[in-house]
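Here is how the chains run, residue by residue.
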Amino acid sequence: MELSYVNEIAFVGLEDLKQKYFHYHVDDPVIFHRKEIVNQKYPFHALRKERTRRAFDDDLLQLLNKLEYIVITVVID
């Protein structure tokens, strides 16, 4: 992603998602870590409620579908 796109679109979308579902404070930012999200550890404990988790998953997928990006992966054997 180009940095201007990240600043204007991607960052804003992710921050909106964080504010909608999790305790959010500028001095204690929410950082998406897969392990903490999957295990519903603080600050992702709100995802223990099935309705909230489904809504979060739907909103995250909508954001990811909306964003323009390229994913490159490498596997080393």
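Details of the structure are given in the entry above.
As a starting point, this report considers the structure included with it. Predicted model, so just to flag it, every value in this text is computed and none were measured. (Residues numbered from 1 in each chain as written. Predicted model: local features only at pLDDT ≥ 70, side-chain atom pairs only at ≥ 80, totals over all residues. Heavy atoms only, no water.)

With the rule as written, the count across this model stands at 7 aromatic pairs. Between F32 and F44, the aromatic rings sit 6.0 Å apart at their centres with planes inclined by 45°, giving tilted as the arrangement. Taken together, the positions of F32 in the loop between helix 1 (3–21) and helix 2 (34–38) and F44 in the loop between helix 2 and helix 3 (50–66) put the pair 12 residues apart, joining distant regions of the chain. Overall, F32 belongs to the partly exposed group, its relative accessible area being 26%. By way of ring pairs, the aromatic residues Y21, F22, F32, F44 and F56 are connected into one cluster. Here the guanidinium or amino end of K18 rests over the ring plane of F32, the centre of that ring lying 5.3 Å away. (Phe/Tyr/Trp six-rings, centres within 6.5 Å; stacked < 30°, edge-to-face > 60°. Helix = DSSP H or I, 4+ residues; strand = E, 2+ residues; numbered from the N terminus. Buried < 20%, exposed > 50% of the residue type's maximum accessible area, 1.4 Å probe, protein only. Lys NZ or Arg CZ within 6 Å of the ring centre and 35° of its normal.)

A word on the pattern of salt bridges. Overall, the coordinates contain 4 salt bridges when judged by the stated rule. For K20, the salt bridge identified is with D59, shortest N-O distance 2.8 Å. Note that K20 is positioned in helix 1 and D59 in helix 3, a separation of 39 residues in sequence. On the accessibility criterion, K20 (57% relative accessible area) is exposed. Between D57 and R53 there is a salt bridge; the shortest N-O distance is 3.6 Å. (Salt bridge = Lys/Arg side-chain N within 4 Å of Asp/Glu carboxyl O.)

Time to look at helix 1. Compared with an ideal rise of 1.5 Å per residue, which puts 19 residues at 27 Å, helix 1 spans 26 Å between its outermost C-alpha atoms and is within 8% of the ideal. Those residues of helix 1 that sit buried are Y5, A10, G13, E15, L17, K18 and Y21. Against helix 3 lie the buried residues of helix 1. (Expected span 1.5 Å × (residues − 1). Contact = heavy atoms within 4.5 Å.)

Take the packing of helix 1 against helix 3 next. Put simply, helix 1 and helix 3 touch, their axes get as near as 11 Å, and they point 175° apart. Considering their axes alone, helix 1 and helix 3 lie roughly antiparallel with respect to each other. For the pair helix 1 and helix 3, the contacting residues are Y5, G13, L14, L17, K20 and Y21 in the first and T52, A55, F56, D59, L60, L63 and K66 in the second. Looking at the contact of helix 1 with helix 3, its residues break down into 8 nonpolar, 2 polar and 3 charged. (Axes fitted to C-alpha atoms, helices over the stretch in contact; angles between N-to-C directions. Parallel < 35°, antiparallel > 145°, perpendicular 65-115°, else oblique. Nonpolar A, V, L, I, M, F, W, Y, C, P; charged D, E, K, R; others polar.)

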